[in-house]
Amino acid sequence: MGVSLHRENSLVRFLRWVYAGVDRTIFMGLKFTFPGRFVSPLGFLGMITFVLFIILGITGALLMLFYEPILDRAWNSVQTINDVIPYGFHLRNIHYHASNAMVMVALLHMYYQYFSGRYKIRNEILWVTGIILGVLTILEAFTGYDIIFSERAELAISIAASLTNSIPILGPQIREAFFGSGFHDFVLRFYAFHVFFLPIVLLGLMVVHFPRFLVFDVPIVMAISGAVMLTGGVFPVDLGLRFDPNVPPGITVPEWYLTGLYAFLRSAYDKFTTGVAWPGLFIFSLLIIPFIDRYKKFSWKDRPLITAIGITGLAQIIVTTYWGFYIDPDRTKSLLERLVIDPVFLYLVMILLVPLSFGFTYMMIKLAKNAEANAKLQPKKSGSGKSSINLPQRWIFGVLIALIAFQVYLNIAAYYAVINGMKNYSLFIVGIMMLVFAGMFHIFRHGRSMEKAPPPKPTVPATPLKSKPSPAVATVPSKPALTPPGELSKSTPAISNQVDKPLAPPPVAKGSSSSSQSSSTTQKSGDTKTDSKVKMADIPESKSIRE
Amino acid sequence: MAQPSPPGSGGNVSRRDFLKLLAAAGTVMTFAPFVDWGKFLPNPSGLLRERQKVELPDGSQASVKTFPVNHSEAVIYPKTNDPVLNKESFKVWQFIRLPVELGGDKNDVSSFRMYSQVCLHLWCLWKYWPQEGRKRGECPCHGSMYDPLTGEAFAGPASLQAPPSNVLPRLDLEIDSQGNIWVKPPNWSVNGNGIVGFGRFLT
């Protein structure tokens, strides 16, 4: 190449100096990993949640410049943001969809940790703070859509206030103290909760919740951001009608993460039981689950009872979430008839879901164990299910240039869309640009690893896919410490091919085998810093929690 | 860390434990005054110690001599100098003089009622309809209906709510020698005047 970016210019040196200085801060305890190749995002859903939180913080801070939490101006100020302020529509939509994404990803994160049993290895504090974080996240999202003060927001506020009022003995006092009295107070205080109290508590808890091993995967983060914008472009959030206490509101349902609760409220059973006690019980049972779970093993397959409980909860959530959305479309019936859910029916279904979920779990475990046994009987297929696409260097440049050209085109298109008032189209395009960037970064990363990896030596058996773990590794240890990193990466797909420091082979052999969980936990103490970093990046099954 | 208590100390509290106890007591005493600071949280605008005028929309004070029977007006209580805050639903009250059959022709306080206009169901503003055959409070949103005599919901979603959420908050009134009507200082609790948007126990 004629032109190359010098790596050691003053900026790089400055950044290195800063990086070295960070060693003296609290961050020295954290091990940040930027994966060198694609790894399943399931392992770092927490980090994605955090990234969404940061996106929400930035867009929210910008929205604060124009939003007015005053009784008669709240809705109008949101309308101004949406319709008048340049890019206000974009920021509001990103804020809205990122909030939904954050709740969704946080839920996925929780259930992934739940079924993989990660709270077992002295991660109880992480689990408990995570549950509290989840609850606060939902409250944060809830207060957010309340302060628009549309019809739907008013319904949500009235339900929140009446549920608080329904707490025995101290309910009304708690409501007065925290929500104030009257709509003016509600809007102003929900705003204070939304922009300060809750985020500050969230941040404080995150300090406790952050594990020491963090994965920051640029392509996935960009893809998530792009997906948020794309969704905002396709489903732009509406303003709702301004709340007017003299006009009958249309039928509105809360956001999807609260329709489960709403289904219970619609059963018209006692407010405190349905709206406070049931969710409280659910959260409490989640909090104590790591202390109940006494199984010695991690996998969901080896913890049938806990898995069954989790599946039951999940099934009930899914059913009630749908049920909360469902409103009888028959307009000849009275509104009350359409809205109220028969409590006997609802609770019967909830109870019925228990044996069904237990049966389902039993079946799934049987099937999984059978599949495992079958897999052991049959000889391993080459490639162990993973295929790799190896683009030649020239093609990588070509693809990158094409992607950049595509981005230039998209930039122009997005700009024209804004000029022509096609705001959601513009947002949609920006979303695609983020996705293109994700792809570009992935290609870039791939290209860099290719550059570092010289072509494999002919000592490796000439199977079409040279990723068969055991024979390939067996050939390597002949020259243990001197093996160039590229050769390692060629022969064992479980190991990143971007790590520029040579790896010691023994962990490789263990790591590539299926029983990575024991190996990674035992190695962690003995390994050097770089080694454990590599572990984090490359073995999705490794048993320490990753954000 | 715990040192064995020195031999012959006699008491069952060691010197070290006693010291800890003193420190704990001091800490509690230091932070005790802040408990009362919790009063910062509720909005004090509703805490009124003096009687207030019933001020009709035209600015005059309601009078037992002039206010027609079987009639209602929306009254702001407690009224502020801020027009925005006066728009607050939670400050809107329905001031009713009952129809004749419910004793509205008497020239004393028993013929008047003042209920929160915030419907107990989902906080729309209900109002009193004096027409023959209605003579009741009706909410435009989901059709809750209120008995003007007691403030109890007798139809619609509000009537299905468990007490205290089926009876409207009600302010106590008094009439002075000139016949002007005043609102007595309220007691905002479910057993007193009720809580706006939540309800009141019917006593």
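**Overview of the sheet that holds strand β1 (residues 52–53) of chain B**
Residues and elements named next belong to chain B.
(1) Moving on: The strand order β1-β10-β9 describes an open sheet built from three strands, whose pairing is antiparallel. Both edges of this open sheet fall to β1 and β9 (173–175), since each of them pairs with a single strand only.
(2) Moving on: As paired strands, β9 and strand β10 (residues 181–183) are joined by three bridges and run antiparallel to one another. Its bridge partner being in β10, Glu-174 is matched across the sheet by Trp-182.

**Considering the domain arrangement of chain A**
A common measure of how large an interface is: the accessible area buried when the components associate.
All names here are of chain A.
(1) Moving on: The domain architecture assigned to chain A consists of domain 1 (29–241), domain 2 (258–379) and domain 3 (467–547).
(2) Moving on: The distance between the C-alpha centroids of domain 1 and domain 2 comes to 24 Å.
(3) Moving on: Taken together, the contact pairs 19 residues of domain 1 with 18 residues of domain 2.
(4) Moving on: Secondary-structure elements contributing two or more residues to the side of domain 1 that touches domain 2 are α4 (88–116), α5 (124–146) and α6 (151–165).
(5) Moving on: A per-element tally of the side of domain 1 that touches domain 2 places α5 first, with six residues.
(6) Moving on: Counted by class, the side of domain 1 that touches domain 2 contains 13 nonpolar, four polar and two charged residues.

**Structural notes on the pairing of strand β4 (residues 112–116) of chain B**
All names here are of chain B.
(1) Moving on: Summarising burial for β4: five of the five residues are buried, a large majority.
(2) Moving on: Covered by surrounding structure in β4 are Phe-112, Met-114 and Ser-116 together with Arg-113 and Tyr-115, the residues of both alternating faces.
(3) Moving on: With five bridges joining them, strand β3 (residues 92–97) and β4 adopt antiparallel strand pairing. The partner of Arg-97 across the bridge, within β4, is Phe-112.

**A short note on the sheet that holds strand β5 (residues 127–129) of chain B**
Residues and elements named next belong to chain B.
(1) Moving on: With respect to topology, four strands assemble into an open sheet ordered β5-β6-β7-β8, the strand pairing being antiparallel. If you trace the sheet from one side to the other, it starts and ends with β5 and β8 (153–155), each paired once.
(2) Moving on: By the bridge criterion, two bridges tie strand β6 (residues 136–138) to strand β7 (residues 145–146) in an arrangement that is antiparallel. Note that in β7 the partner of Glu-138 across the bridge is Met-145.

**Details of the nonpolar core**
(1) Moving on: Of all hydrophobic cores here, the largest spans 112 residues; its most connected members are Ile48(A), Leu52(A), Met102(A), Val187(A) and Cys119(B).
(2) Moving on: Looking at which domains feed residues into this core, each of domain 1 (29–241) and domain 2 (258–379) of chain A supplies at least three.
(3) Moving on: Those residues in contact with Cys119(B), other than ones at most four positions away along the chain, are Cys124(B), Trp126(B), Cys139(B), Cys141(B), Ser144(B) and Ala158(B).
(4) Moving on: Within the second largest apolar cluster, five residues are counted, among which are Tyr119(A), Leu126(A), Trp127(A) and Val128(A).

**Overview of helix α12 (residues 304–325) of chain A**
All names here are of chain A.
(1) Moving on: With 22 residues, α12 should reach 32 Å at 1.5 Å per residue; the first-to-last C-alpha distance of 32 Å fits that figure.
(2) Moving on: Looking only at α12, the buried set comprises Ile-306, Thr-307, Ala-308, Ile-309, Gly-310, Ile-311, Thr-320 and Gly-324.
(3) Moving on: Taken together, the buried residues of α12 touch α4, α10 (259–265) and α14 (343–377).

**Points about the interface of chain A and chain B**
(1) Moving on: On the chain B side, the residues contacting the 27 residues of chain A number 28 residues.
(2) Moving on: Looking at the side of chain A that touches chain B, the elements with two or more residues in it are α6, α7 (171–179), α8 (183–209) and α13 (335–339) of chain A.
(3) Moving on: Among the elements that line the side of chain A that touches chain B, the one with the most residues is α6(A), at six residues.
(4) Moving on: Broken down by class, the residue content of the side of chain A that touches chain B amounts to 14 nonpolar, eight polar and five charged.

**Quick notes on the packing of helix α9 (residues 218–234) of chain A against helix α16 (residues 423–452) of chain A**
All names here are of chain A.
(1) Moving on: Viewed as axis vectors pointing N to C, α9 and α16 meet at an angle of 165°, and their least axial separation amounts to 7 Å. Relative to α16, the element α9 lies roughly antiparallel. Viewed along their axes, α9 and α16 form a crossing whose handedness is left-handed.
(2) Moving on: Split by residue class, the contact of α9 with α16 holds 18 nonpolar, seven polar and no charged.

**Some thoughts on the packing of α12(A) against α14(A)**
All names here are of chain A.
(1) Moving on: Direction vectors running N to C along α12 and α14 enclose 130°, while the axes themselves pass 8 Å from each other. Classed by the angle they form, the pair α12 and α14 counts as oblique. By crossing handedness, the relation of α12 to α14 is classed as right-handed. Counting all contacts with α12, which are made through Pro-304, Thr-307, Ala-308, Ile-311, Thr-312, Ala-315, Gln-316 and Val-319, the residues of α14 involved are Val-349, Met-350, Leu-353, Val-354, Ser-357, Phe-358, Phe-360, Thr-361 and Ile-365.
(2) Moving on: In terms of residue class, the contact of α12 with α14 is built from 12 nonpolar, five polar and no charged.

**Notes on α8(A)**
(1) Moving on: If you look at α8(A), its biggest bend is around 45°, right at Phe193(A).
(2) Moving on: Where α8(A) is buried, its residues touch α2 (45–63), α3 (74–83), α5, α6 and α7 of chain A together with α3 (83–86) of chain B.

**Comments concerning unusual backbone geometry**
(1) Moving on: Here the bond from Tyr77(B) into Pro78(B) is cis, since omega is -15°, no more than 30 degrees from zero.
(2) Moving on: Position of Pro78(B) relative to the elements: it lies in the loop between β2 (71–76) and α3.
(3) Moving on: Here the residue pair Pro163(B) and Pro164(B) is connected by a cis peptide bond, since its omega of 5° sits within 30 degrees of zero.
(4) Moving on: Note that Pro164(B) resides in the loop between α4 (157–160) and β9.
(5) Moving on: Although it is not a glycine, Tyr87(A) sits at a positive phi angle of roughly 65°.
(6) Moving on: The residue Tyr87(A) is located in the loop between α3 and α4 in this model.
(7) Moving on: Residue classification places Tyr87(A) among the partly exposed positions, given that 15 C-beta atoms sit within 10 Å.
(8) Moving on: Positive phi is not limited to glycine here, since Lys135(B) has a value of about 45°.

Calculation criteria
Residues numbered from 1 in each chain as written. Chains lettered and ligands numbered in written order. Predicted model: local features only at pLDDT ≥ 70, side-chain atom pairs only at ≥ 80, totals over all residues. Pairing = 2+ DSSP bridges. Helix = DSSP H or I, 4+ residues; strand = E, 2+ residues; numbered from the N terminus. Domains from an automatic or database assignment. Contact = placed C-beta atoms within 7 Å. Nonpolar A, V, L, I, M, F, W, Y, C, P; charged D, E, K, R; others polar. Buried ≥ 20, exposed ≤ 12 C-beta atoms within 10 Å, placed from the backbone. Core = buried A, V, L, I, M, F, W, Y, C linked by C-beta atoms within 7 Å. Expected span 1.5 Å × (residues − 1). Axes fitted to C-alpha atoms, helices over the stretch in contact; angles between N-to-C directions. Parallel < 35°, antiparallel > 145°, perpendicular 65-115°, else oblique. Left-handed = near helix turned anticlockwise from the far one by under 90°. Bend = angle between axes of the 7 residues up to and from the residue.

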